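# Structural overview
Here is how the chains run, residue by residue.
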Amino acid sequence: MSNLNFKLLKKDGNARAGVLVINNKEVLTPTFMPVATKGALKSTPHELLDKTSVLLANTYHLYLRPGAETINELGGLHKFMNWDRVILTDSGGFQGWSLPTKKVSDGIQFKNVYDGSKFLMTPEISIKTQNLLGSDIAMIFDYVVDIDAEDHLQNEAIDTTQEWAKIARETHNNNQQALFGIIQGGLVKKLREKSALSMINLDFDGYALGGLALGESRQERKDIVKFTSSFLPIDKPRYVMGLGDTLGLVDLIAEGIDMFDCVWPARLARHGKLITGNTYINIKNKKFSSDSEPIYKSCPCFTCKNYSKGFLKHLLNNEKTSAWLYLTIHNLIQTEIMLDEARQSILESDFENFKKRYINE
Ligand SMILES: [Zn+2]
């Protein structure tokens, strides 16, 4: 049994506000988890994310470099990356879809991104790796297919994920670490239902909806998330993997999702696109060259407190690495602020007004 405790505090429509506690660390939900794939955010020290409760790190990458044993010898992932708040590790299942791979009977044959050599990731290896890393929340190793894959392939993804979920359950051996199941099934309702029900049978600490944000329309995503969520136990956290754009977040908070992760706000920042409340500015725009104002006046982030748009635009043109750092902090803090606002509005039964501020329709 894990020591994860999730309390649903309030519902407003389908939207949920809750508190997740694990290893004496508290996470207010809904929550957004920035992606520290290799133990660090790209170009940005995570210590600057004072509003973030959970970071996501990646099993596939840490398994290859520096290796879970090395991290374990160095005191575990929290100590290794100097982050004492919650860490969730994803299992490597998504890399099975995003990288060139071959599915074999007991796992996925990968090509090492660093040296081209072949290696096999199995559900056992993924879980043992996560046990050793010592993240607070581990994910089962799942099998992901294209969102529009034919039904028989979606079915194969569900059956394989289910079989691997059982192995994950049997292998998992770390009572300081929660384990989440992952529901597959693309956009096909009967397949999502089948996957949700069989995953729930294995009684995980939380449930993720996988295989989304892979090219489906907004409406398709909303519909399938709403449908699938109706099968999930209300007292367990719900997580949609790989989604982090403003509209997408608001849409799925509205459908009762509690946890999100995505590289999107950080990647957007590196391209100079900056979140300003419910809209964006592009710092590359000429007019900002002589702008002495911060990116967004009401933003409490380190960047907005200290730098003008004129300076940040200059940096992005001439000192990219520093620009990426300042711009990434801003977008991640704006995302966290939006989720705080969402949570507050749910607690005050005012979610509809929150939604109207972010979605004009
Ligand atoms: Zn800011």
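Attention now moves to the overall build of the chain. Scanning the chain from N- to C-terminus turns up 14 helices and 16 strands. For the chain, the C-alpha radius of gyration of 20 Å lies close to 21 Å, the compact-globule estimate for 361 residues. Along the first, second and third principal axes, the C-alpha atoms of the chain reach 60 × 45 × 40 Å. Relative to its full complement of 361 residues, the chain shows a buried share of 57%. Long-range contacts, defined as pairs at least 24 residues apart, comprise 65% of the intrachain contacts of the chain with a sequence gap of at least 6. Taken as a whole, the chain presents about 15400 Å² of accessible surface, with 48% of it coming from carbon and sulfur.

The linkage connecting Thr29 with the following residue, Pro30, adopts the cis geometry, with an omega of 5°. A cis amide bond links Arg65 with the next residue in sequence, Pro66, at an omega value of 0°. Locating Pro66 in the fold gives a position in the loop between α1 (59–64) and α2 (68–73). In this structure, Ser43 is a non-glycine residue whose phi angle is positive, near 65°. Its location among the elements puts Ser43 in the loop between β4 (31–34) and β5 (54–58).

Throughout the structure, instances matching the rule amount to 16 aromatic pairs. With a centroid separation of 5.0 Å and 50° between ring planes, the pair formed by Tyr60 and Phe110 is classed as tilted. In this pair, Tyr60 is assigned in helix α1 and Phe110 in strand β8 (residues 107–111), connecting sequence segments 50 residues apart. Each member of the pair Tyr60 and Phe110 is classed as buried. Pairing Tyr307 with Phe311 gives two aromatic rings, centres 5.1 Å apart and planes at 20°, and the pair type is stacked. Pairwise contacts between aromatic rings join Tyr60, Tyr63, Phe110 and Phe119 into one cluster.

Let's shift gears to the sheet that holds β5. Overall, parallel pairing links the eight strands, which are arranged β4-β14-β13-β12-β11-β10-β6-β5 in an open sheet. Across the chains shown, the open sheet's two edge strands, defined by having one partner strand only, are β4 and β5. When the angles between neighbouring strand axes are averaged without regard to direction, this sheet yields 25°. Pairing between strand β10 (residues 137–139) and strand β11 (residues 178–183): three bridges, direction parallel. Across the sheet, the residue bridging to Ile137 is Ala178, located in β11. In this fold helix α7 (residues 189–201) packs onto β11 and β12 (206–209), with an angle of close to 160° to the strand it touches most, β11.

A large share of strand β6 (residues 86–90) lies buried, amounting to five of its five residues. Across the two faces of β6 the burial is the same, with Val86, Leu88 and Asp90 and Ile87 and Thr89 all buried. One ladder, built from five bridges, connects β5 with β6; its direction is parallel. Bridging from a neighbouring strand, Leu55 pairs with Ile87 of β6. Two strands pair when backbone bridges link them, and β6 and β10 are joined in this way by two bridges, in the parallel orientation. Residue pairing for β10: Thr89 is matched across the bridge by Ala138.

All of the protein donors around the zinc ion are Cys299 (SG), Cys301 (SG), Cys304 (SG) and His330 (ND1); their distances to the metal are 2.1 to 2.3 Å. One can describe the site at the zinc ion as tetrahedral: its four donor atoms subtend angles covering 97 to 121° at the metal. Mapping the donors of the zinc ion onto the primary sequence yields the spacing C-x1-C-x2-C-x25-H. Pair noted here: Cys301 is in the loop between β16 (279–282) and α11 (302–306) and His330 is in helix α13 (residues 320–347), with a separation of 29 residues, a long-range link.

It is the contact of helix α8 (residues 218–229) with helix α9 (residues 246–253), at a shortest axis distance of 10 Å, that shows an interaxial angle of 25°. Taken as axis vectors, α8 and α9 run roughly parallel relative to one another. Note that α8 runs across α9; the crossing there is right-handed. Residue-level contacts link Arg218, Arg221, Lys222 and Val225 of α8 to Leu247, Gly248, Asp251 and Leu252 of α9. Across the contact of α8 with α9, the residue classes break down as three nonpolar, one polar and four charged.

The next subject is the side chain of Thr228. Turning to its location among the elements, Thr228 is positioned in helix α8. The exposure class of Thr228 is buried, given its relative accessible area of 0%. The contact partners of Thr228, leaving out residues within four places of it in the chain, are Ile183, Arg192, Ala196 and Leu209.

Thresholds applied
Throughout, residues of each chain are indexed from 1 in the direction in which the sequence is written. Reporting in this predicted model follows two pLDDT cut-offs: at least 70 for local features of residues, and 80 or more for side-chain atom pairs to be given and counted; totals over whole chains, interfaces and linings ignore these cut-offs and use all residues. Side-chain metrics rest on all non-hydrogen atoms present in the structure, leaving aside hydrogens and water. What counts as a helix is a DSSP run of H or I of at least four residues, what counts as a strand is a run of E of at least two, and both are numbered from the N terminus. Every radius of gyration here is taken over C-alpha atoms, with the globule rule written as 2.2 Å times N^0.38, N being the number of residues. Three labels apply to residues, based on accessible area from a 1.4 Å probe with only protein chains included: buried if under 20% of the type maximum, exposed if over 50%, partly exposed otherwise in between. Every residue pair with non-hydrogen atoms within 4.5 Å of one another is taken to be in contact. Note on areas: Shrake-Rupley, 1.4 Å probe, and residue coverage restricted to the protein chains presented here. For Phe, Tyr and Trp, rings pair up if their centres lie within 6.5 Å, where Trp contributes its six-membered ring, and each pair is then called stacked (planes under 30 degrees apart), edge-to-face (over 60) or tilted (otherwise). Being paired, for any two strands, means DSSP has found at least two bridges between them. Helix axes are fitted to C-alpha atoms over the stretch in contact, other axes to C-alpha atoms as well, and angles between N-to-C directions run from 0 to 180 degrees. Only N, O and S atoms count as donors, using a 2.8 Å cut-off from the metal and 3.2 Å for Na, K and Ca, and because water is excluded some sites may appear unfinished. Site shape is set this way: if four donors have all angles between 85 and 135 degrees, tetrahedral; if opposite donors are over 155 degrees apart and all others between 65 and 115, square planar for four donors and octahedral for six; otherwise irregular. Throughout, the term roughly parallel applies to angles under 35 degrees, roughly antiparallel to angles over 145, roughly perpendicular to angles from 65 to 115, and oblique to all others. Each crossing is labelled by how the near helix is turned from the far one, with a counterclockwise turn of less than a right angle marking it left-handed and a clockwise turn marking it right-handed. By the convention adopted, Pro, Cys, Tyr, Trp, Phe, Met, Ile, Leu, Val and Ala count as nonpolar, Lys, Arg, Asp and Glu as charged, and the other residues, Gly among them, as polar.

It is worth stressing that arrangement in space is one thing and function is another; only the former is reported here.
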